[in-house]
Amino acid sequence: MQRLPGIILIGAGLLWVAAPVSAHHAFTAEFDGNKPVKLQGTVTKMEWINPHSWITIDVKDADGKVTSWMVECGSPNVLLRRGMTKNSVTPGMEIVVDGYRSKDGSNRANGRDVTLPDGRKLFLGSSGTGAPGDAPQK
Amino acid sequence: MKEVPGVTRLRQTAMLLFVTGSMMLAQTPPAKRAAIPRAADGHPSLEGIWTNATLTPLQRPANLAAKPYFTAEEAAAFEKQVLIQNDTDNQPRKAGDPGNYNSAFWDRGNHVEKSLRTSLVIDPPDGRIPPFTAEAQAKAQAFREYAAQHPADGPEDRDLSERCLMFSGIGPPMLTEPYNNNYQIVQSPGYVSVLAEMNHDVRVIPTDGKVTAPNDVSQWHGVSHGHWDGDTLVVETTNIKFNNQSHFGVAYRGMSDENLRVTERFTRTDAETIIYQAMVDDPTVYTKPWTIEEAFTRTKGPLFEYACHEGNYAMPGILQGARLAEQGANSK
């Protein structure tokens, strides 16, 4: 198993070359790149917890059997600053997740790409921090 | 402190440049000085809620080697490019690669530094962190070899931030994090305290010569002593614990050891800005010292608790994944 160079950050030459590549956790360590999943389901719970929030969805298979999946999402502080509230994702909402299953085989997936059934992204990134410095600089 | 022969002069020169360069910054014209908020004791006030979110990379990218500053147009193009790169959903991935966090997770703002510098590293002039000493290179190689064999025997093999223990935002040196780049500074006679949202760590820095820990005590954030140099708060930190358990120093996410010394300079330049400089000097790890500069910009509060361990489902996931990978390897 390889850790991301951005996480190990051993060689000074590797550090933060053009874009930051490390974040809180190493996706490669937690999720299995050989087990892509596409899940469509109904939100049963959104946990606003640290370090990252998690959405639980009920996914129904072709036979009608319902399985509960957990999907990792952004840090609560970040979501809040982007204008999301506890009313933004509520039980009963339908969402679609494209991601990878966790390596331990449990029903967990990273939530890199979470969309509404019509294709709109649920979490829009890079909307700024609200700092004065975020205004266009002239 | 163990000194590496031949680099002492370089180190002294770097220190001299750091001090003189910073003095130029501290010598604010009188007209502007009046605009700086001040504490009751006459020192500049550093109080408030600040962010160091920035898209400026720590080190200057290779394709900008000859370019210490962007033009405004280049900065806008660079910002756009970084935001697209960060949105990893749009990036091609190799088979078997689950990718990394996308822009739903990042919160480094939308802009580069107002200075339009192309790197946070301002010294050496090439904007790059100096090479490791031979000794540190050997240690790094040994760690790489160990990590390849023991990616996750236990939580101790994982990055301190994955374990929710330490992040580099609070420093020293204070470096921009992927998110939660928010800080609250509270100043009182004799102390400046910095609270970092990224893992609700606090540094309480005495500014009047008080000693906060005995000389032989090492701490994860080190032992800091502050003093005012004109209108600049200078903070010297040593006794930074070398976290052998995690195979590298805790203060900077690259590598450092027990000889790390960080000199920080906080200069409030206007109502909205603190210019932060930090010189990293670790003679047994880096062949010469290096200095970063970042602006801390006033931002809206409040800070929120980042109780990272609260729902750190990733750690059991990583460990269990590693155990299953071992079983898979054994059964082959």
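Because the structure is a prediction, the values reported are computed rather than measured. (Residues numbered from 1 in each chain as written. Chains lettered and ligands numbered in written order. Predicted model: local features only at pLDDT ≥ 70, side-chain atom pairs only at ≥ 80, totals over all residues. Heavy atoms only, no water.)

**Student:** What exactly am I supposed to notice about the overall build of chain B here?
**Tutor:** Broken down by element type, chain B carries five helices and 10 strands. Taking as baseline every contact in chain B between residues at least 6 positions apart, the subset at least 24 positions apart corresponds to 63%. Carbon and sulfur atoms make up 57% of the accessible area of chain B, which amounts to about 14000 Å² in all. (Helix = DSSP H or I, 4+ residues; strand = E, 2+ residues; numbered from the N terminus. Contact = heavy atoms within 4.5 Å. Areas by Shrake-Rupley, 256 points an atom, 1.4 Å probe, with all protein chains shown as cover.)

**Student:** I'm lost on the overall build of chain A in this one. Help?
**Tutor:** Tallying secondary structure elements over chain A gives three helices and six strands in all. In sequence order, the secondary structure elements of chain A are arranged as α-α-β-β-β-α-β-β-β. Residue burial in chain A is summarised as follows: out of 138 residues, 57% are buried. Expressed as a percentage of contacts within chain A between residues at least 6 apart in sequence, the contacts between residues at least 24 apart total 54%. (Buried < 20%, exposed > 50% of the residue type's maximum accessible area, 1.4 Å probe, protein only.)

**Student:** Sorry if this is basic, but what is going on with the pattern of salt bridges here?
**Tutor:** It is possible for side chains bearing opposite charge to pair when their charged atoms get close. Residue and element names in this part refer to chain B. Inspection of every chain in the model, using the stated rule, returns 14 salt bridges over all chains. Where arginine 158 meets glutamate 162, a salt bridge forms, and the shortest distance between an N and an O atom there is 2.7 Å. Here arginine 158 and glutamate 162 have matching classes, each one buried. Glutamate 236 is the salt-bridge partner of arginine 261, the closest N and O atoms lying 3.1 Å from each other. You can see arginine 261 sitting in strand S8 (residues 261-270) and its partner glutamate 236 sitting in strand S7 (residues 232-238), a full 25 residues away along the chain. (Salt bridge = Lys/Arg side-chain N within 4 Å of Asp/Glu carboxyl O.)

**Student:** What should I look at first to understand helix H4 (residues 134-149) of chain B in this one?
**Tutor:** Spacing of three or four residues puts side chains on the same side of an α-helix, whose turn is 3.6 residues. All names here are of chain B. Spanning 16 residues, H4 covers 23 Å between terminal C-alpha atoms, matching the ideal 22 Å at 1.5 Å per step. Inspection of H4 places Ala136, Ala140, Phe143 and Ala147 among the buried residues, and these make up the whole buried set. Projected onto a plane normal to the axis of H4, the buried residues spread over an arc of 60° and lie on a single side. Those residues of H4 that are exposed and aimed more than 90 degrees away from the buried face are Ala134 and Gln149. (Expected span 1.5 Å × (residues − 1). Arc of directions from axis to C-beta.)

**Student:** I tried to follow the packing of aromatic side chains on my own but got confused; where do I start?
**Tutor:** Any pair of aromatic rings gets described here by the distance separating the centres and the angle formed by the planes. Residues and elements named next belong to chain B. Inspection of every chain in the model, using the stated rule, returns nine aromatic pairs over all chains. Summarising the aromatic geometry, the rings of tyrosine 286 and tryptophan 290 are spaced 5.6 Å apart at their centres and angled 80° between planes, so their arrangement reads as edge-to-face. Relative accessible area serves as the criterion here: at 1%, tyrosine 286 is assigned to the buried category. A residue is classified by how much of its surface remains accessible, and tryptophan 290, at 0% relative accessible area, is buried. Among the aromatic residues, ring-to-ring pairing joins Tyr183, Phe266, Tyr276 and Phe296 into one connected group. (Phe/Tyr/Trp six-rings, centres within 6.5 Å; stacked < 30°, edge-to-face > 60°.)

**Student:** Could you clarify how one ought to interpret the environment of A:Asp63 in this entry?
**Tutor:** Residues and elements named next belong to chain A. Along the polypeptide, aspartate 63 turns up in the loop between strand S2 (54-60) and strand S3 (66-72). Assessed through its relative accessible area of 72%, aspartate 63 is described here as exposed. Residues aspartate 63 and proline 36 lie 27 residues apart in sequence; the distance between their C-alpha atoms is 21 Å.

**Student:** Any chance you could explain the side chain of A:Asp32 here in plain terms?
**Tutor:** Residues and elements named next belong to chain A. If you trace the backbone, aspartate 32 turns up in strand S1 (residues 31-47). For aspartate 32, a relative accessible area of 15% puts it in the buried group. Polar side-chain contacts of aspartate 32 include one of 2.8 Å to the backbone nitrogen of asparagine 34. When residues no more than four places from it in sequence are discounted, the contact partners of aspartate 32 are Tyr100, Arg101, Ser102 and Lys103. (Polar contact = N/O pair within 3.5 Å; in protein donor to acceptor, adjacent residues only side chain to side chain.)

The quantities given are spatial measurements derived from coordinates; they are silent on function.
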